[in-house]
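Results of the structural survey
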Amino acid sequence: MPWPKIEPKTFSSIRELNGICQRTMEEHYELYKGYCGKVNEIQTRLDGVDRASANQIFSDLRALRVDLSFAIGGVKNHDIYFAHLGGKGGAPTARLTDMIKRDFPSYDAWLADFKASGLAARGWVWLAFDHDFSTLTTVVGDAQNTFPLWNATPILALDVYEHAYWIDYGRARAKYIEAFFNNLDWAVVDQNLERALAMHAVHK
Ligand code: FE
């Protein structure tokens, strides 16, 4: 069966948010549409690529596969990001709070580490559920396709690429990270957790 054509989703968060302006969100959404389009383009190119010339140093097949992982990462990461923005911040649901307390030294310690990880990463920070170790964990990424863990489901995705905040904050990324949390819809994060736990139940 052929790979399904990717269509950009629509998100209610593409508007002026609290501390993140409409232009930032609209420009960011255009980047997301670009990732969707490139997934489709690369998949089409893969149909006709010359596999006889496959080579680890350089080959068309290699280039397409590597950049496909970047483009698909760009789609999946932003699907999470845009869907859980547009909220009012505050505290996570009781279930998620309990799980964070279970899997990290404390809620405050998790939050401090997550925000610091946002300064340490070059692209993304995720809160993910690791299905092999049955635990929440923090993951950093330097690009759309680095460094995801096998068998872990991201439930919270903080984009720290400059395009996410430069218009609003310039180099002051820490201020953007505060704004991100002020606009987070924890109910959506909890839905992501629900999905991850359902996947975990199947995985066990
Ligand atoms: Fe982005």
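Residues numbered from 1 in each chain as written. Predicted model: local features only at pLDDT ≥ 70, side-chain atom pairs only at ≥ 80, totals over all residues.

1. Some words on the packing of helix H1 (residues 22–48) against helix H2 (residues 60–83)
Across the interface, H1 lies against H2 with an axial gap of 8 Å and an inter-helix angle of 145°. Judged by the sense of rotation from one axis to the other, the crossing of H1 with H2 is left-handed. Taking contact as the criterion, the partners of Tyr-32, Tyr-35, Cys-36, Lys-38, Val-39, Ile-42, Arg-45 and Leu-46 in H1 are, on H2, Leu-64, Asp-67, Leu-68, Ala-71, Ile-72, Gly-74, Val-75 and His-78. Tallied by class, residues from the contact of H1 with H2 come to eleven nonpolar, two polar and three charged. (Axes fitted to C-alpha atoms, helices over the stretch in contact; angles between N-to-C directions. Helix = DSSP H or I, 4+ residues; strand = E, 2+ residues; numbered from the N terminus. Left-handed = near helix turned anticlockwise from the far one by under 90°. Contact = placed C-beta atoms within 7 Å. Nonpolar A, V, L, I, M, F, W, Y, C, P; charged D, E, K, R; others polar.)

2. Examining the domain arrangement of the protein chain
Each assigned domain of the protein chain is listed here: domain 1 (22–83) and domain 2 (94–203). Counting residues at the interface gives 13 residues for domain 1, matched by 13 residues for domain 2. Those elements that place two or more of their residues in the side of domain 1 that touches domain 2 are H1 and H2. No other element matches the eight residues that H2 contributes to the side of domain 1 that touches domain 2. Among the residues making up the side of domain 1 that touches domain 2, the classes are represented as five nonpolar, six polar and two charged. (Domains from an automatic or database assignment.)

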